Amino acid sequence: MPSAGRVAVVTGATSGIGRATALRLAADGATVYALGRDQDRLDSLGKQATGPGTLLPVRLDLTDDGAVAGAVELIVERHGRVDHLVHSAGAYSSARVETATLAELDAQFAANVRAPFALTQRLLPALRVAGADSGADVIVVNSTQGVRAGAGTSQFAATQHAMRAFADSLRQEINADGIRVATIHLGRTATPRQETIYAREGRAYTPDLLVQADDVADLVAYLIALPPTAEITELHLRPAKKSY
């Protein structure tokens, strides 16, 4: 199996892209630490896992520094390495600049920028261990808003631009350690978040016409299966048929 013997950490694993990615990597043979905040959904995720790998649901608030430190310590103590880190968690709210609250801005920055920054920072030693052996990957699931912001998305888009910059800078710092860093900029994807966005826009939600969570999971699996001599730094994935 392509990920046999590998250790993966996937955030946002309670739904959508994170859930699909955690299941895919476990099916490919990895030991997957699936991080999320909803215990019931994590329990359900653990029951759905198939394949030779192991899926370990971990209830964790990524904005809680103490809890993150404890989770990282446990993973490193058990394995001594992390081969794949997939950032798929985050918060979203939309508002025009004149009506947006600073509390909404702070919450999105904490969840979308500070939390993945802090988790990556704590896992770097374990990623370097894997990088020196067979190579490691950090994959940031971003948005098309991280490339071009639309009206009403200033707060969320700012966090996505920040994560694009974070990934680009991180890549320059750790490529020499055998760690690749890729950003996936997603267009509209069939997830619970997107369903909420469609409702706010007053549009009919047609998930079959959107990128599927499994499509993204397949892309993550492809990126980490690349030979160690190759690296894809940035990908843009959009629905083939535009329904918006």
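What comes next is a walk through the structure.

1. A look at the packing of aromatic side chains
If you walk through the whole model with that rule in mind, you get three aromatic pairs. A centroid spacing of 4.8 Å and a plane angle of 70° characterise the contact between Tyr92 and Phe156, whose relative ring orientation is edge-to-face. With a gap of 64 residues between them, Tyr92 in the loop between strand E4 (84–87) and helix H4 (102–133) and Phe156 in helix H5 (residues 154–174) connect regions that are remote in the sequence. Taken together, a centroid distance of 5.3 Å and an interplanar angle of 45° make the contact between Phe117 and Phe166 tilted. Pair noted here: Phe117 is in helix H4 and Phe166 is in helix H5, with a separation of 49 residues, a long-range link. The exposure class assigned to Phe166 is buried, which follows from its relative accessible area of 13%. Looking at Arg188, its charged tip hangs above the ring of Tyr198, at a distance of 5.0 Å from the centre.

2. Digging into the pairing of strand E6 (residues 179–186)
Among the eight residues in E6, eight count as buried, and that is most of the element. Residues of E6 alternate between two faces, with Ile179, Val181, Thr183 and His185 on one and Arg180, Ala182, Ile184 and Leu186 on the opposite face, all of them buried. As paired elements, strand E5 (residues 136–143) and E6 share eight bridges and run parallel to each other. Among the inter-strand pairings, Asn142 is bridged to a residue of E6, identified as His185. As a crossover connection, the stretch from E5 through H5 into E6 is right-handed. Bridge count between E6 and strand E7 (residues 234–237): four bridges; the pairing is parallel. Residue pairing across strands places Ile184 opposite Leu235, the latter belonging to E7.

3. Some words on helix H3 (residues 65–79)
With 15 residues, H3 should reach 21 Å at 1.5 Å per residue; the first-to-last C-alpha distance of 21 Å fits that figure. Inspection of H3 places Val68, Ala71, Val72 and Ile75 among the buried residues, and these make up the whole buried set. When H3 is viewed along its axis, its buried side chains cluster within an angular range of 95° and face the same direction. Among the exposed residues of H3, those oriented more than 90 degrees off its buried face are Gly66, Glu73 and Glu77. Lining the buried residues of H3 we find strand E1 (7–10), strand E2 (31–36) and H4. Measuring from the side-chain oxygen of the N-cap residue of H3 to the backbone nitrogen of Gly66 gives 3.1 Å; that N-cap residue is Asp64.

4. What about the pattern of salt bridges?
Between side chains of opposite charge, a pair can form when the charged atoms approach closely. Summed over all chains, the structure comprises 14 salt bridges. As a salt-bridge pair, Arg164 and Glu234 come within 2.8 Å of each other at their nearest N and O atoms. Separated by 70 residues along the polypeptide, Arg164 in helix H5 and Glu234 in strand E7 bring together distant segments of the chain. In the salt-bridge network here, residues are joined through shared partners; they are Arg24, Asp28 and Asp218.

5. Regarding the environment of Gly70
When you line up the elements, Gly70 lands in helix H3. Since its relative accessible area comes to 36%, Gly70 is described here as partly exposed.

6. What about the environment of Asp83?
Summarising the element assignment, Asp83 is placed in the loop between H3 and E4. As a C-alpha pair, Asp83 and Ile179 span 96 residues in sequence and 8.8 Å in three-dimensional space. Apart from the residues lying within four places of it in its own chain, the contact partners of Asp83 are Gly5, Arg6, Val7, Leu127, Ala130, Ser134, Gly135, Ala136 and Asp137.

7. Considerations on the nonpolar core
Counting 31 residues, the largest nonpolar core has Val9, Leu35, Val82, Leu119, Leu123 and Leu127 as the members making the most contacts within it. Listing elements by their share of this core, those giving two or more residues are E1, E2, H3, H4, E5, H5 and E6. Of all the elements, H4 adds the most residues to this core, at eight residues. In this view, Val82 contacts Val7, Val9, Ile75, Leu123, Ala126, Leu127, Ala130 and Ala136; residues no more than four positions away in its chain are not counted. Core analysis: the next-biggest nonpolar cluster, separate from the first, contains 29 residues, Val32, Val141, Val211 and Ile224 among them.

8. Structural notes on the side chain of Arg6
Relative to the elements of secondary structure, Arg6 occurs in the segment before E1. For the buried Arg6, no salt bridge exists, and the shortest N-O distance to an oppositely charged side chain is 4.0 Å, to Asp83. Setting aside residues up to four positions removed in sequence, Arg6 forms contacts with Ala30, Thr31, Asp83, His84, Ser134 and Gly135.

Procedures and definitions
- Residues numbered from 1 in each chain as written.
- Predicted model: local features only at pLDDT ≥ 70, side-chain atom pairs only at ≥ 80, totals over all residues.
- Heavy atoms only, no water.
- Phe/Tyr/Trp six-rings, centres within 6.5 Å; stacked < 30°, edge-to-face > 60°.
- Helix = DSSP H or I, 4+ residues; strand = E, 2+ residues; numbered from the N terminus.
- Buried < 20%, exposed > 50% of the residue type's maximum accessible area, 1.4 Å probe, protein only.
- Lys NZ or Arg CZ within 6 Å of the ring centre and 35° of its normal.
- Pairing = 2+ DSSP bridges.
- Right-handed = clockwise from strand over helix to strand, strands pointing away.
- Expected span 1.5 Å × (residues − 1).
- Arc of directions from axis to C-beta.
- Contact = heavy atoms within 4.5 Å.
- Polar contact = N/O pair within 3.5 Å; in protein donor to acceptor, adjacent residues only side chain to side chain.
- Salt bridge = Lys/Arg side-chain N within 4 Å of Asp/Glu carboxyl O.
- Core = buried A, V, L, I, M, F, W, Y, C linked by side-chain atoms within 4.5 Å.
- Lys, Arg positive; Asp, Glu negative; His and termini not counted.

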